[in-house]
Amino acid sequence: MASTVKYVRVPPNSANMEEARKRVFEFFKTACRSIPTVMDIYVLDDVVKPSPLRSSVASEIRKNVHVTDPKVIDMLLFKGTEELSNVVEHAKQRHHIIGQYVVGRQGLMQDLGMKDQGNSNFLKSFYSGNYF
């Protein structure tokens, strides 16, 4: 299955929005079909199920729902196809995949809560002045 994704390419130009939209759906289908291969390559079975990965791919596509220019959509499809090829060809390491698609950005932001302010006045003033 990895060899089929390797040769997927985006045609250079979409004639209109309907054609670009169709290509986006085809890319999404290709990405979803490659999820089992990606899970096997990176041994993700103990970390995540295929459904959250599919949701992650869908959310990455939905981030650009406001784009209406077919040329920009083609460029985004090219970047997405390149990213998918890199993942399937094992050009990334396991922690890259987990950090980008399993944990995601909101998982990294959960650690920004208030830390223990300490007991001394020095630490309290230090944290209040230098702590974002």
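Reading the values: the criteria
Residues numbered from 1 in each chain as written. Predicted model: local features only at pLDDT ≥ 70, side-chain atom pairs only at ≥ 80, totals over all residues. Heavy atoms only, no water. UniProt positions renumbered as here; feature names shortened; annotations may be inferred. Helix = DSSP H or I, 4+ residues; strand = E, 2+ residues; numbered from the N terminus. Buried < 20%, exposed > 50% of the residue type's maximum accessible area, 1.4 Å probe, protein only. Contact = heavy atoms within 4.5 Å. Areas by Shrake-Rupley, 256 points an atom, 1.4 Å probe, with all protein chains shown as cover. pLDDT = per-residue confidence, 0-100. Core = buried A, V, L, I, M, F, W, Y, C linked by side-chain atoms within 4.5 Å. Expected span 1.5 Å × (residues − 1). Salt bridge = Lys/Arg side-chain N within 4 Å of Asp/Glu carboxyl O.

As named in an unreviewed UniProt entry, the protein is NADH dehydrogenase [ubiquinone] 1 alpha subcomplex subunit 6, taken from Fraxinus pennsylvanica. According to UniProt, the comment filed for the protein under the heading Sequence similarities (unreviewed entry) is "Belongs to the complex I LYR family."

A.B. asks: Account for the overall build of the protein, with residues named and values stated.
C.D. replies: In terms of helices and strands, the protein carries seven helices and zero strands. Mapped from its N terminus to its C terminus, the protein presents α and β elements in the order α-α-α-α-α-α-α. Burial status across the protein gives 29% buried among its 132 residues. Looking at the protein alone, contacts between residues at least 24 apart form 68% of all its contacts between residues at least 6 apart. Put simply, the protein shows about 9,500 Å² of open surface, and 58% of that area lies on carbon and sulfur atoms.

A.B. asks: I'd love a proper account of the confidence of the model for the protein, names of residues and values included.
C.D. replies: Looking at the protein as a whole, its pLDDT mean stands at 82, while 78% of the residues score no less than 70. Counting interchain partners and residues more than four positions distant, the pLDDT-below-50 stretch residues 108-112 has one contact.

A.B. asks: Tell me about the nonpolar core, residues and numbers included.
C.D. replies: Looking at soluble globular proteins, one finds that nonpolar side chains tend to be buried together. Counting 20 residues, the largest nonpolar core has Val38, Tyr42, Leu44, Leu53 and Ile97 as the members making the most contacts within it. Elements represented by at least two residues in this core include exactly helix H2 (17-33), helix H3 (35-41), helix H4 (50-62), helix H5 (70-88) and helix H6 (94-109). The element best represented in this core is H5, accounting for five residues. Contacts of valine 38, omitting those with residues within four sequence positions, involve Leu44, Val87 and Val88.

A.B. asks: Account for H4, naming residues and giving values.
C.D. replies: Here H4 spans 18 Å end to end across 13 residues, near enough to the 18 Å set by a 1.5 Å rise per residue. All of the buried residues along H4 are Leu53, Ser56, Val57 and Ala58.

A.B. asks: Residues and numbers for the pattern of salt bridges, please.
C.D. replies: All chains considered together, the criterion is met by six salt bridges. The shortest N-O distance in the salt bridge between arginine 23 and glutamate 19 comes to 2.5 Å. Highlighted residues: arginine 23 and glutamate 19, both in helix H2, separated by four residues, approximately one helical turn. Here arginine 23 falls in the buried class, since its relative accessible area comes to 17%. Glutamate 26 is the salt-bridge partner of lysine 29, the closest N and O atoms lying 3.7 Å from each other. Of the two residues, lysine 29 and glutamate 26 both sit in helix H2, three residues apart, roughly one turn of that helix. Connected through salt bridges with shared partners, the residues Glu19, Arg23 and Asp74 form a single ionic network.

A.B. asks: How would you summarise unusual backbone geometry if you had to cite specific residues and measurements?
C.D. replies: Although it is not a glycine, valine 43 adopts a positive phi angle of roughly 50°. At histidine 90, a position not held by glycine, the phi torsion is positive, near 65°.

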